[in-house]
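# Observations on the three-dimensional arrangement
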Amino acid sequence: MQRPADPPRSTGQRTARTSTPVAGPVRRPSASRASAPSASSAARAPASAAAPGILQRALATATGGRLGRLDEPATGAQPAHRPSPGSGTFATPWAKTKAASTTVSTRMEERLKEKRSAHRRLLSARWGRRALYAGGAAAAAWVLLMSPVFAFDEQNIEASGFGTVVDPADVESIVAEQSGTSLVLLNTAHVEDRLEELVGVHTAEVERVWPAGLRITIDSAEPVAAIPVADGTVVLLDQTGTQVAEADEAPADLPLVNVPLNAEDARILDGVIAVIDEMPVELRDRIRDIEAQTEDSIHFVLRDGPSVEWGSAEESALKAEVLLVLLDERAGAEVIDVSAPTLPTVS
């Protein structure tokens, strides 16, 4: 901005200032004339006031409003140009902070939206996998528990160990009650208990044979002795003295036991059964009749040989070994006494 030039001064005025004052009374200027500014000072005032304003605005623009902020003139005049926040030039530090906060808030909101969207996608995938697992588990449970694939078929039975007493038809009727039940739900322990209630079954084991069968193994309680009863029949006893069957007559391969059958003499029967159970099979098959009136007076008769005085059930294994040796050495003997196995007698 070009500064206005001072008005030219007249020659008379310069002369008056340099000339020698004239004598005489001096006229003082009036108050109104003294207070009024001259034309040259009035012309220089705007130029001198405008120059600082331009410099301050330039400094404020260069420093972004941090320095050289232009104060409002006392006369109420507005500056020629006030930069706006949107133009890239900030008049005050507060305007810059506000604009930066708006930008940060917008970016943060976008990031929060992206985070929420990613979280929703993660939840959807997680619940989708859970639904898939639940569906697979339900399908597997149906196949195992409800479908006919694993349902027990009574035709698929493998059974063994019936022996001479157990009736296979009784076993099949018990197992048939579980027909159609899934092998997963089939209670094998219950079936084993039912089978062990049968006469002649000592123990029973039931195993699953996938996909729809059972394997049954029976440990039969074979009779080792026959006891005649009052009605003419005989009761067959196993090695524990338990009745396993009844017959019209004693089997040829079992010894016929004659002992008291009342409750008071139960120990006599237990002693006789213990002797029979500890005998070797080759010797047990040769016994025809065995009798006892007391626990210590057990004796029996062999089918093709002498009678044997056995005594008590103690040392039965040693007595059996001694008896087999004496039967070979004394083939014609009528009575062999092994009640004292270390001192046997033959007559």
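Just above sits the structure.
Residues numbered from 1 in each chain as written. Predicted model: local features only at pLDDT ≥ 70, side-chain atom pairs only at ≥ 80, totals over all residues. Heavy atoms only, no water.

### Side note on the overall build of the chain
Stated precisely, the cut-off is as follows: Under the scheme used here, helices are H or I runs from DSSP no shorter than 4 residues and strands are E runs no shorter than 2 residues, and both carry numbers assigned from the N terminus. Burial classification: accessible surface area is computed with a 1.4 Å probe over protein chains only, and a residue below 20% of its type maximum counts as buried, one above 50% as exposed, and the rest as partly exposed. Contacts are assigned to residue pairs that have any heavy atoms within 4.5 Å of one another. Values of accessible area rely on a 1.4 Å probe in the Shrake-Rupley scheme; residue burial ignores everything except the protein chains shown.
Along its length, the chain carries nine helices and twelve strands. Evaluated residue by residue, the chain yields a buried proportion of 25% over its 347 residues. Taking contacts inside the chain between residues at least 6 apart in sequence as the whole, the part at least 24 apart equals 46%. Total accessible area on the chain is roughly 23200 Å²; 55% of this is exposed by carbon and sulfur atoms.

### Some thoughts on the environment of Glu205
By the element assignment, Glu205 lies in strand 2 (residues 201-209). Given a relative accessible area of 40%, Glu205 falls into the partly exposed group. Taking C-alpha positions, Glu205 is 5.7 Å from Ile216, a pair spaced eleven residues apart along the chain. Not counting the four nearest positions on each side in its chain, Glu205 is found in contact with Glu192, Arg215, Ile216 and Thr217.

### A closer look at the sheet that holds strand 1 (residues 157-160)
Test applied: If DSSP finds at least two bridges between two strands, the strands pair. Only the stretch in contact is used when fitting a helix axis, every axis being a line fitted to C-alpha atoms; angles between N-to-C directions are given from 0 to 180 degrees.
Strand order across the open sheet formed by three strands is 1-3-2, with mixed pairing between neighbours. Two strands close off the open sheet at either side, each with one partner strand: strand 1 and strand 2. Between one strand axis and the next, the sheet turns by 15° as a mean value, whatever way the strands run. Bridging between strand 1 and strand 3 (residues 213-220) involves four bridges; their strand directions are parallel. For Ser160, the partnering residue across the bridge sits in strand 3 and is Thr217.

### Some points on the nonpolar core
Put simply, the test is: Take the buried residues of types Ala, Val, Leu, Ile, Met, Phe, Trp, Tyr and Cys, join any two whose side-chain atoms come within 4.5 Å, and each joined set is a nonpolar core.
If you look at the biggest cluster of nonpolar residues, it comprises 31 residues, and the most contacted ones within it are Val257, Val272, Ile290, Phe300, Trp310, Leu323 and Val338. The residues touching Phe300, leaving out its near neighbours within four places in the chain, are Met279, Ile287, Asp289, Ile290, Ser307, Val308, Trp310 and Leu323. Core analysis: the next-biggest nonpolar cluster, separate from the first, contains 17 residues, Val171, Leu183, Leu198 and Leu214 among them.

### Structural notes on the pairing of strand 4 (residues 225-228)
Pairing analysis gives four bridges linking strand 4 to strand 5 (residues 234-237), with the strands arranged antiparallel. By the bridge assignment, Ile227 is partnered in strand 5 with Val235. Where strand 4 folds back onto strand 5 in an antiparallel hairpin, the turn is made up of five residues, including Gly232, whose phi is positive at roughly 95°.

### Looking at a negative patch on the surface
The line we're drawing: Exposure above 30% relative accessible area and the absence of a salt bridge qualify a residue for a patch, where like charges join within 9 Å and nonpolar side chains (Val, Leu, Ile, Met, Phe, Trp, Tyr) within 5 Å. Throughout this description, the term salt bridge denotes a Lys or Arg side-chain nitrogen within 4 Å of a carboxyl oxygen of Asp or Glu. Just so you know, the count uses Lys and Arg for positive and Asp and Glu for negative, and it drops His and the chain ends. Working definition for charges: the position is that of NZ of Lys, CZ of Arg, CG of Asp or CD of Glu.
A cluster of acidic residues, Asp153, Glu154, Asp167, Asp170 and Glu172, forms a negative patch on the protein surface. With respect to the helices and strands, Asp167 occurs in the loop between strand 1 and helix 5 (168-176). In this structure Asp167 comes out as partly exposed when scored by relative accessible area, which is 38%.

### Comments concerning the packing of aromatic side chains
Going by this rule: For Phe, Tyr and Trp, where Trp contributes only its six-membered ring, two rings pair if their centres lie within 6.5 Å, and the inter-plane angle classes them as stacked under 30 degrees, edge-to-face over 60, or tilted in between.
Applying the stated criterion across every chain, the model contains two aromatic pairs. With centroids separated by 5.9 Å and ring planes inclined at 75°, the aromatic side chains of Phe150 and Trp210 adopt a geometry described as edge-to-face. Of the two residues, Phe150 is situated in the loop between helix 4 (93-145) and strand 1 and Trp210 in the loop between strand 2 and strand 3; the sequence distance between them amounts to 60 residues. Judged by relative accessible area, Phe150 falls into the buried class, the value being 18%.

### What to know about helix 7 (residues 266-278)
Inclusion rule: Given a helix with a known number of residues, its expected span is that number minus one, times 1.5 Å.
For helix 7, built from 13 residues, the straight-helix expectation of 18 Å at 1.5 Å per residue is met to within 8% by its first-to-last C-alpha distance of 19 Å. All buried positions along helix 7 are accounted for by Ile268, Leu269, Gly271, Val272, Ile273, Val275 and Ile276.

### Digging into the side chain of Lys319
Note the threshold: Here a polar contact is taken to be a pair of N or O atoms separated by no more than 3.5 Å, where protein atoms must pair a possible hydrogen donor with a possible acceptor and residues adjacent in sequence count only if both atoms sit in side chains.
Residue placement: Lys319 occurs in helix 9 (residues 316-329). Put simply, Lys319 is tucked away with no salt bridge, and the nearest opposite charge, on Glu315, sits 5.7 Å away. For Lys319, the side chain forms a polar contact with the main-chain oxygen of Trp310, separated by 2.9 Å. In this structure, Lys319 is in contact with Trp310, Gly311, Ser312, Glu314, Val338, Ser339 and Pro341, ignoring residues within four places of it in sequence.

### A closer look at helix 9
Note the following rule: By construction, the arc corresponds to the directions joining the helix axis to the C-beta atoms.
Over its 14 residues, helix 9 extends 20 Å from the first C-alpha to the last, a length consistent with the 20 Å expected when each residue adds 1.5 Å. When we look at burial in helix 9, the residues that qualify are Ser316, Lys319, Ala320, Val322, Leu323, Leu326 and Leu327. Looking straight down helix 9, one finds that the buried residues subtend no more than 170° of arc, so they occupy a single side. The exposed set on the far side of helix 9, more than 90 degrees from its buried face, consists of Glu321, Asp328 and Glu329. Buried residues in helix 9 make contact with helix 7, helix 8 (281-284), strand 9 (298-302), strand 10 (307-311), strand 11 (335-337) and strand 12 (345-346).

### Digging into the pattern of salt bridges
The full count for this structure, using the stated rule, is seven salt bridges. Here Arg194 and Glu177 are joined by a salt bridge, their closest N and O atoms 3.0 Å apart. Here the residue Arg194 occupies a position in helix 6 (residues 188-196), and Glu177 occupies one in the loop between helix 5 and helix 6, the gap between them amounting to 17 residues. Through salt bridges that share partners, Glu158, Glu207 and Arg215 make up one connected network.

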